[in-house]
Amino acid sequence: MLFKKRGTFTEEDARRVIEIVSERPDEREIIVMAERVTDEAKRRLWDYARGVQLMADMTGEDRSVKVEILEGYVSEHVKGVDVDEL
């Protein structure tokens, strides 16, 4: 699932993204496209991905979430969920 934000993607934005992805257990990928991403937001996303993997290992499930972070220019033509509208 692609999330995009003009400006800085913060830890609060990461919390909202994780909340949405958590409601969809079939989601396998989180892609964040923003002009800048704070270290705290990156850490929260990576911690979520590790937590999903640990829980899957403990329960015997085959589940993981891949996190991609793209910093720089955010195109209006790319379709994705606008974080500011969450």
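Residues numbered from 1 in each chain as written. Predicted model: local features only at pLDDT ≥ 70, side-chain atom pairs only at ≥ 80, totals over all residues. Heavy atoms only, no water.

> Pulling in residues and values, what's your account of the packing of helix α1 (residues 11-22) against helix α2 (residues 39-59)?
α2 packs onto α1 with a crossing angle of 20 degrees between their chain directions and a minimal axis gap of 8 Å. Of the possible angle classes, the one that applies to α1 and α2 is roughly parallel. Every pair of crossing elements has a handedness; the one defined by α1 and α2 is right-handed. Residues Glu11, Ala14, Arg15, Val17, Ile18, Val21 and Ser22 of α1 pack against Glu40, Ala41, Arg44, Leu45 and Tyr48 of α2. When its residues are assigned to classes, the contact of α1 with α2 shows seven nonpolar, one polar and four charged. (Axes fitted to C-alpha atoms, helices over the stretch in contact; angles between N-to-C directions. Helix = DSSP H or I, 4+ residues; strand = E, 2+ residues; numbered from the N terminus. Parallel < 35°, antiparallel > 145°, perpendicular 65-115°, else oblique. Left-handed = near helix turned anticlockwise from the far one by under 90°. Contact = heavy atoms within 4.5 Å. Nonpolar A, V, L, I, M, F, W, Y, C, P; charged D, E, K, R; others polar.)

> Hey, could you go over the pairing of strand β3 (residues 66-71) for me, with residue numbers and the actual values?
The sheet contact formed by strand β2 (residues 29-37) and β3 spans six bridges and is parallel. Within β3, the residue paired with glutamate 29 across the bridge is lysine 66. Regarding the hand of the β-α-β motif, the stretch spanning β2, α2 and β3 is right-handed. (Pairing = 2+ DSSP bridges. Right-handed = clockwise from strand over helix to strand, strands pointing away.)

> Describe the nonpolar core, naming the residues involved and giving the relevant values.
Ranked by internal contacts, the top residues of the largest apolar core, which has 18 residues, are Phe9, Val17, Ile30, Leu45 and Tyr48. Among the elements that take part in this core, α2 stands out by supplying five residues, more than any other. Residues within four places of tyrosine 48 in sequence aside, it is in contact with Ile18, Val21, Ser22, Ile30, Arg63 and Val65. (Core = buried A, V, L, I, M, F, W, Y, C linked by side-chain atoms within 4.5 Å. Buried < 20%, exposed > 50% of the residue type's maximum accessible area, 1.4 Å probe, protein only.)

> So what's going on with the pattern of salt bridges? Residues and values would help.
The final tally for this structure, using the stated rule, is 11 salt bridges. For arginine 16, the salt bridge is made with aspartate 13, and the minimal N-O distance between the two is 2.3 Å. Placement of both arginine 16 and aspartate 13 in helix α1 is noted, with a separation of three residues, approximately one turn of the helix. What makes aspartate 13 buried here is its relative accessible area of 1%. Between lysine 66 and glutamate 68 there is a salt bridge, and its shortest N-O distance comes to 3.3 Å. Residue lysine 66 is classed as partly exposed on the basis of its relative accessible area, which comes to 46%. According to the relative accessible area criterion, glutamate 68 is partly exposed, its value standing at 30%. (Salt bridge = Lys/Arg side-chain N within 4 Å of Asp/Glu carboxyl O.)

Scope: geometric values only; no functional claims are made or implied.
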